[in-house]
Amino acid sequence: MTTARLVLKPLTESDAPEMVEVLAAPELYTFIGGEPPTPEALRARYARLAVGHSPDGSQEWVNWIARRAEDGVAVGTVQATVTDGGWHADVAWVVGAAWQGRGYAVEAASALVAWLRERGVAEIGANIHPGHTASARVAERIGLAPTGELDDEGEQLWRAQDVPGRTTVDEDPERTEKTR
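First, a word on what this report is: a plain description of the structure on this page.

The rules behind each value
Residues numbered from 1 in each chain as written. Predicted model: local features only at pLDDT ≥ 70, side-chain atom pairs only at ≥ 80, totals over all residues. Heavy atoms only, no water. Helix = DSSP H or I, 4+ residues; strand = E, 2+ residues; numbered from the N terminus. Buried < 20%, exposed > 50% of the residue type's maximum accessible area, 1.4 Å probe, protein only. Contact = heavy atoms within 4.5 Å. Areas by Shrake-Rupley, 256 points an atom, 1.4 Å probe, with all protein chains shown as cover. Lys, Arg positive; Asp, Glu negative; His and termini not counted. Salt bridge = Lys/Arg side-chain N within 4 Å of Asp/Glu carboxyl O. Core = buried A, V, L, I, M, F, W, Y, C linked by side-chain atoms within 4.5 Å. Arc of directions from axis to C-beta. Pairing = 2+ DSSP bridges. Axes fitted to C-alpha atoms, helices over the stretch in contact; angles between N-to-C directions.

Here we take up the overall build of the protein chain. Within the protein chain, the regular secondary structure consists of five helices and seven strands. Each helix (α) and strand (β) of the protein chain, taken in turn from the N terminus, gives the series β-α-α-β-β-β-α-β-α-β-β-α. Across the 180 residues in the protein chain, those meeting the buried criterion constitute 39%. Here the contacts in the protein chain between residues at least 6 apart in sequence split such that 58% fall between residues at least 24 apart. Carbon and sulfur atoms provide 49% of the accessible area of the protein chain, an area that totals close to 9,800 Å².

Structure representation (structure tokens):
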């Protein structure tokens, strides 16, 4: 998938060495926790994610490396965990510290959300630390709004508003039955 300035490609295990450098800044982990990955840990993680689904098949994993179209340099990742038979997706993004403030997160996350909507995903959300104003701005720019709810880790739940073609639970009796 391409955008005005980026090429988004499914991540592979072979992306790990380059992405270790993109993800190396400790400040990237201020709100999400953890620490910069080692090459071995990231290679193992990417090998698991590249499969594209959870071991039990209940989740589809969409993980893309965002690369600048002009030179192929990796700037970050976008991801979606698609659940509930393709009805719901939680999205996330990370842009390396050296490339922040240039609109790459909005551009990549917007492309991911558009792709999900084209596939019929009706509910799109994200979990964002209440103090992470940069991610909150990205979420707003891609059409998400805070719900006022917090998850178990204290992150704010954000959900898409007015998704084109969305059928709400109240309008879809079959969906309502599935969620009771």
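Resuming the write-up.
Turning our attention to the side chain of Glu155. Considering the arrangement of structural elements, one finds Glu155 in the loop between β6 (144-150) and β7 (156-160). No salt bridge is formed by the buried Glu155, whose closest oppositely charged neighbour, Arg159, lies at an N-O distance of 9.8 Å. Excluding its chain neighbours within four sequence positions, the residues that come into contact with Glu155 are Phe31, Asn127, Ile128, His129, Pro130, Glu149 and Leu150.

All right, on to the pattern of salt bridges then. According to the stated counting rule, one finds six salt bridges in the structure shown. Among the salt bridges present, the one from Asp15 reaches Arg67, with a minimum N-O distance of 3.0 Å. Highlighted residues: Asp15 in the loop between β1 (6-10) and α1 (16-22) and Arg67 in strand β2 (residues 60-68), separated in sequence by 52 residues. Connected through shared salt-bridge partners, Asp15, Glu18 and Arg67 make up one network.

So, on to the nonpolar core. Residues Leu23, Tyr46, Val91, Trp93, Leu116 and Leu144 are the most contacted members of the largest nonpolar core, which totals 49 residues. Ranked by residues supplied to this core, first place goes to helix α3 (residues 104-118) with nine residues. Excluding residues within four positions of it along the chain, Tyr46 makes contact with Leu11, Thr12, Glu13, Asp15, Ala16, Met19, Leu23, Ile65 and Thr77.

This part takes up helix α4 (residues 133-141). Where α4 is concerned, the buried positions are Ser135, Ala136, Val138 and Ala139. Relative to the axis of α4, the buried residues are bounded by an arc of 160° and lie together on one face. More than 90 degrees from the buried face of α4, the exposed residues found are Thr133 and Arg141. Gly143 occupies a position one or two residues after α4 and carries a positive phi of about 95°.

Our focus in this paragraph is helix α2 (residues 39-49). For an α-helix, 3.6 residues make a turn, and residues three or four places apart therefore share a direction. Listed as buried for α2 are Leu42, Tyr46 and Leu49. Looking down the long axis of α2, one finds its buried residues gathered within 60° of arc, a one-sided arrangement. Facing away from the buried surface of α2 by more than 90 degrees, the exposed residues are Glu40 and Arg48. Residues of α2 that are buried make contact with α1, β2 and β3 (74-83).

To summarise the sheet geometry, strands pair through backbone hydrogen bonds and adopt either a parallel or an antiparallel arrangement. Ordered by their spatial adjacency, seven strands build an open sheet running β1-β2-β3-β4-β5-β7-β6, and the pairing between neighbours is mixed. Strand pairing shows two members of the sheet lacking a second neighbour, β1 and β6, which therefore form its edges. Taking the axes of each pair of neighbouring strands and ignoring which way they run, one obtains an average angle of 30° across the sheet. Across the sheet, α3 is in contact with β1, β2, β3, β4 (88-95), β5 (123-128) and β7; its angle to β3 comes to roughly 30°.

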